[in-house]
Amino acid sequence: MYEALLLAGLLLLVGFALLPVVTPTDRVTVSALRDAGKPRPIPYLVSRAARAASGALLFGVCGAYCVGLWSGGRRTLPMKTWRIALRTTDGVLVPPQAAMLRYFACWIGPAFALAGYLALAPLGHGRWAMALVAVNYAWALVDRDAQYLQDRIAGTRLLAVPPVS
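Conventions adopted
Residues numbered from 1 in each chain as written. Predicted model: local features only at pLDDT ≥ 70, side-chain atom pairs only at ≥ 80, totals over all residues. Heavy atoms only, no water. Helix = DSSP H or I, 4+ residues; strand = E, 2+ residues; numbered from the N terminus. Buried < 20%, exposed > 50% of the residue type's maximum accessible area, 1.4 Å probe, protein only. Areas by Shrake-Rupley, 256 points an atom, 1.4 Å probe, with all protein chains shown as cover. Core = buried A, V, L, I, M, F, W, Y, C linked by side-chain atoms within 4.5 Å. Contact = heavy atoms within 4.5 Å. 1 Å grid on protein atoms, 1.4 Å probe; cavity = no way out; pocket = protein on both sides within 12 Å on 5 of 7 lines; lining within 4 Å. Points joined across faces, edges and corners; volume = space filled by probe spheres on them. Nonpolar A, V, L, I, M, F, W, Y, C, P; charged D, E, K, R; others polar. Patch = residues over 30% accessible without salt bridge, like charges linked within 9 Å, V, L, I, M, F, W, Y side chains within 5 Å. Salt bridge = Lys/Arg side-chain N within 4 Å of Asp/Glu carboxyl O. Phe/Tyr/Trp six-rings, centres within 6.5 Å; stacked < 30°, edge-to-face > 60°. Lys NZ or Arg CZ within 6 Å of the ring centre and 35° of its normal.

*Asks:* Help me understand the overall build of the protein, please; the structure alone is not making it clear to me.
*Replies:* Looking only at helices and strands, the protein has eight helices and two strands in total. Going from N to C terminus, the protein has its helices and strands arranged as α-α-α-α-β-α-α-α-α-β. Expressed as a percentage of the 165 residues in the protein, the buried residues total 25%. For the protein, the exposed surface amounts to about 11,000 Å²; the carbon and sulfur share of it is 71%.

Encoded structure:
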């Protein structure tokens, strides 16, 4: 949760920086909607292409944060706080390729949840798909080494770091 809070802050900053690019410059439509008695809309993206580019940029920024701070022995602020280090299963520093694979593997649960929602929503049971977000973490309950799914796929392991005296 601590990591998610930091990532949310980073993504908010990037999102605010994107606002001038993805917000329509034609204010006539916004004022016309307001004058017509309709509520003023939240700034929206101009096109599907802009929406896709914005999402891809946010995904890339999040990936750069994770890959940059998981590889080469670096640690994120929550990892430092909780004295956790990420290493390969051999105990060496994580190369950028393994960190990138781990990042993509972290999205397996959310991808399952989205696919489950798309399949269950027409039946009126879309809310049950949210449980699939936990796939990556529930995997540790059945894994022989109690590893998370993303660590099993990337060949990495979370280790406790002894306190510095």
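Now that the structure has been shown, the text picks up again.
*Asks:* What exactly am I supposed to notice about the nonpolar core here?
*Replies:* Soluble, globular proteins show a tendency: their nonpolar side chains are buried together. Membership of the largest hydrophobic core is limited to 12 residues, which are Leu7, Cys62, Tyr65, Cys66, Val67, Trp70, Met79, Leu86, Val94, Ala98, Ala99 and Tyr103. The dominant element in this core, judged by the number of residues it contributes, is helix α3 (residues 48-70), at five residues. Once you skip the residues sitting within four places of it in the chain, Tyr103 turns out to touch Phe59, Cys62, Gly63, Cys66, Val67 and Trp70.

*Asks:* Just checking my understanding: could you explain the layout of surface pockets for this structure?
*Replies:* Once rolled over the atoms, a probe with the size of a water molecule shows which space is left empty. Space inside the largest pocket adds up to approximately 1,000 Å³. In terms of lining residues, the largest pocket is bounded by 26 residues, among which Glu3, Ala4, Leu7, Cys106 and Tyr137 are the most central. Looking at the lining of the largest pocket, the elements that each hand over two or more residues are α1 (2-22), α3, α4 (77-81) and α5 (96-105). Ranked by the residues each element gives to the lining of the largest pocket, the list is headed by α1, at six residues. Residues of the lining of the largest pocket, tallied by class, amount to 23 nonpolar, one polar and two charged.

*Asks:* So what exactly am I meant to see when it comes to a nonpolar patch on the surface here?
*Replies:* A contiguous nonpolar surface patch, about 410 Å² in accessible area, is contributed by Tyr2, Leu6, Leu77 and Trp82. Along the polypeptide, Tyr2 turns up in helix α1.

*Asks:* Just to check I follow, could you spell out unusual backbone geometry for this structure?
*Replies:* Backbone geometry follows two general trends: most residues other than glycine have a negative phi, and most peptide bonds adopt the trans configuration. If you check the backbone angles, Arg83 has positive phi at about 55 degrees while not being a glycine. The residue Arg83 is located in the loop between α4 and β1 (84-88) in this model. Unlike most non-glycine residues, Ala146 shows phi in positive territory, near 55 degrees. Note that Ala146 resides in the loop between α7 (135-142) and α8 (149-154).

*Asks:* Would you mind showing me how to read the pattern of salt bridges here?
*Replies:* Note that side chains of opposite charge can pair when their charged atoms are close. Counted by the stated rule, this structure contains four salt bridges. When the shortest N-O distance is used, the salt bridge between Asp145 and Arg144 registers 4.0 Å. According to the relative accessible area criterion, Asp145 is partly exposed, its value standing at 36%. Residue Arg144 is classed as exposed on the basis of its relative accessible area of 73%. We note a salt bridge from Asp145 to Arg152, for which the minimum N-O separation is 3.1 Å. Salt bridges linked by common partners bring Asp143, Arg144, Asp145 and Arg152 together as one network.

*Asks:* Please explain the packing of aromatic side chains as it appears in this structure.
*Replies:* How two aromatic rings sit relative to each other is set out by the distance from centre to centre and by the angle between their planes. According to the stated counting rule, one finds six aromatic pairs in the structure shown. Relative to Tyr103, the ring of Phe59 lies with its centre 5.2 Å away and its plane at 45 degrees, an arrangement referred to as tilted. In this pair, Phe59 is assigned in helix α3 and Tyr103 in helix α5, connecting sequence segments 44 residues apart. Its relative accessible area of 32% is what places Phe59 among the partly exposed residues. Looking at Tyr103, the relative accessible area reads 4%, which means it is buried. Plain terms: the ring middles of Phe59 and Trp107 are 5.4 Å apart, the flat faces sit at 55 degrees to each other, and that makes the pair tilted. Within this pair, whereas Phe59 is found in helix α3, its partner Trp107 is found in the loop between α5 and α6 (108-120), the two being separated by 48 residues in sequence. Grouping aromatic residues by their ring pairs yields a cluster made of Phe59, Tyr103, Phe104 and Trp107. When the ring centre of Trp70 is taken as reference, the NZ or CZ atom of Arg102 above it lies at 4.5 Å.

All quantities given are derived from atomic positions and should not be read as evidence of function.
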